[in-house]
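Structure at a glance
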Amino acid sequence: MLSFVTRRLGFAAITLFSVLTLVFLLVRILPGDPALVLLGDQASPASIAAVHQKLGLDKPVLVQYGSFLWDALQGDLGNSMITGRPVSAEILNVLPYTLELTIAALALGLILGVPAGVWAAVKRNKMPDFIIRFISLLGLSLPAFVAAILLLMVFAIQLKWFPVISAGGSGDILERLRQMALPTLSLALIMMTYITRVTRSAMLEVLSQDYVRTARAKGASQYSVVWKHALGNCLVPIATVVGLYLGILIGNSVLTEIVFSRPGLGKLILSALTQRDYTLLQGMIVVYTFMVVIVNLVTDLIYGLLDPRIQYK
């Protein structure tokens, strides 16, 4: 088990190092001079040179790269070029909203997706199966921002059941849940479709195994066969799809937060792009990458707990 965890931690470290290098290079090949963003097009060469010195852009690229890696490993992502505040403080100020939305969407996707996939497998080639497969296919076909806009138009603008703007800062727990409902449902529908289809496929395979037929021959009830014997052996593929698409879910939260005017990393990254705040943009990419790497690492470790045979591979 220790060897398994060590290997996974090594792979995670290599991945994070590679992405940090890629982020450093991408930010520096973007068009435009950060000094001109701060000072304007009419800035004098002396002013531009002073800003370059302050930001460390006058140093050789390798020196900049080494400083960037060293600071990132210590949690120092620099200061925002627009506000002057530490990037880590800017991100930590809105990160709880994005995590809250993502975790709620994941939980709702599991609550809806796993039973739907199990039911579709049990009712294979019957009407419930056709309906569930059609809904899941429809969910896969809708981009995240389209689903968000449709929910907003129907339930917020037409029916007025939920607020148009999800401020996310209400002290009233019921009002906060009401503001989270549409953004959470928008993300959960996408997660639910993936979980439903994977659960159905895994259940169909498991239900055809000899030990399931043996359990039925011994008189085990349908509930016991499906939920106790079969579902437990479907957890690895379900964990796989959750780990794989949780990163996509975090990315889709950006669009969802923008559509619903909800505070979070989505609005912050949009602000960084429009204002050309390269330092903030660089820090946010690092944070997103770190979250995805951590999700994949946790998923790998969960594999080892669900199926001990994986630990030796």
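To keep things clear, this report deals only with the structure shown in the data block. Predicted model, so just to flag it, every value in this text is computed and none were measured.

About the criteria used
Residues numbered from 1 in each chain as written. Predicted model: local features only at pLDDT ≥ 70, side-chain atom pairs only at ≥ 80, totals over all residues. Heavy atoms only, no water. Helix = DSSP H or I, 4+ residues; strand = E, 2+ residues; numbered from the N terminus. Buried < 20%, exposed > 50% of the residue type's maximum accessible area, 1.4 Å probe, protein only. Contact = heavy atoms within 4.5 Å. Areas by Shrake-Rupley, 256 points an atom, 1.4 Å probe, with all protein chains shown as cover. Core = buried A, V, L, I, M, F, W, Y, C linked by side-chain atoms within 4.5 Å. Phe/Tyr/Trp six-rings, centres within 6.5 Å; stacked < 30°, edge-to-face > 60°. Expected span 1.5 Å × (residues − 1). Arc of directions from axis to C-beta. Lys, Arg positive; Asp, Glu negative; His and termini not counted. Salt bridge = Lys/Arg side-chain N within 4 Å of Asp/Glu carboxyl O. Polar contact = N/O pair within 3.5 Å; in protein donor to acceptor, adjacent residues only side chain to side chain.

Turning our eyes to something else, we now look at the overall build of the protein. When helices and strands are tallied, the protein shows 13 helices and 0 strands. Sorting the 313 residues of the protein into buried and exposed places 40% on the buried side. Of the contacts made within the protein by residues no fewer than 6 positions apart, 72% connect residues no fewer than 24 positions apart. Just so you have it, the protein exposes about 17,000 Å², and 68% of that area is on carbon and sulfur atoms.

Take the side chain of Thr-98 next. With respect to the helices and strands, Thr-98 occurs in helix α5 (residues 87–122). What Thr-98 contacts, discounting residues up to four positions off in sequence, is Ser-253, Glu-257, Gly-264 and Leu-265.

For the rest of this paragraph, the subject is the nonpolar core. Within the largest apolar cluster, 29 residues are counted, with the highest numbers of intra-cluster contacts made by Leu-77, Ile-91, Leu-265, Met-284, Tyr-288 and Met-291. Going through the elements one at a time, α1 (2–29), α4 (61–73), α5, α11 (235–259), α12 (265–274) and α13 (278–306) are the ones with two or more residues in this core. Sort the elements by how many residues they give to this core and α13 lands first, with 8 residues. Dropping the residues within four chain positions of it, Met-291 is found in contact with Leu-95, Leu-99, Ile-250 and Leu-265. Counting 28 residues, the second-largest nonpolar core is a separate cluster that includes Leu-106, Ala-121, Met-203 and Ile-238.

Another point: unusual backbone geometry. Of note in this structure, Lys-160 is not a glycine but carries a positive phi near 60 degrees. Phi is positive for Ser-261, close to 50 degrees, though the residue is something other than glycine. Considering the arrangement of structural elements, one finds Ser-261 in the loop between α11 and α12. Its relative accessible area of 30% is what places Ser-261 among the partly exposed residues.

The subject of this paragraph is the packing of aromatic side chains. Under the defined criterion, the tally for this structure stands at 1 aromatic pair. Consider the rings of Phe-155 and Trp-161, whose centres lie 5.8 Å apart with planes at 40 degrees: the pair is tilted.

Relative to the 21 Å expected for 15 residues at 1.5 Å per residue, helix α6 (residues 127–141) spans 21 Å between its end C-alpha atoms, a close match to the ideal helical length. Of all the positions in α6, only Asp-129, Ile-132, Ser-136 and Gly-139 are classed as buried. Along α6, the residues classed as buried sweep out an arc of 95 degrees about the axis, all on the same side. Along α6, the residues that are exposed and aim more than 90 degrees away from the buried face are Met-127, Phe-134 and Ser-141. Elements that come into contact with the buried residues of α6 comprise α5 and α8 (173–207).

This part takes up the environment of Leu-99. Following the sequence through the fold, Leu-99 ends up in helix α5. Sequence separation between Leu-99 and Ile-250 is 151 residues; the distance between their C-alpha atoms is 8.3 Å.

Moving on to the side chain of Glu-257. On the secondary structure map, Glu-257 appears in helix α11. As a buried residue without a salt bridge, Glu-257 has its nearest oppositely charged side chain in Arg-262, at a separation of 4.9 Å. Reaching out from Glu-257, the side chain makes a polar contact with the side chain of Thr-98 at a distance of 2.7 Å.

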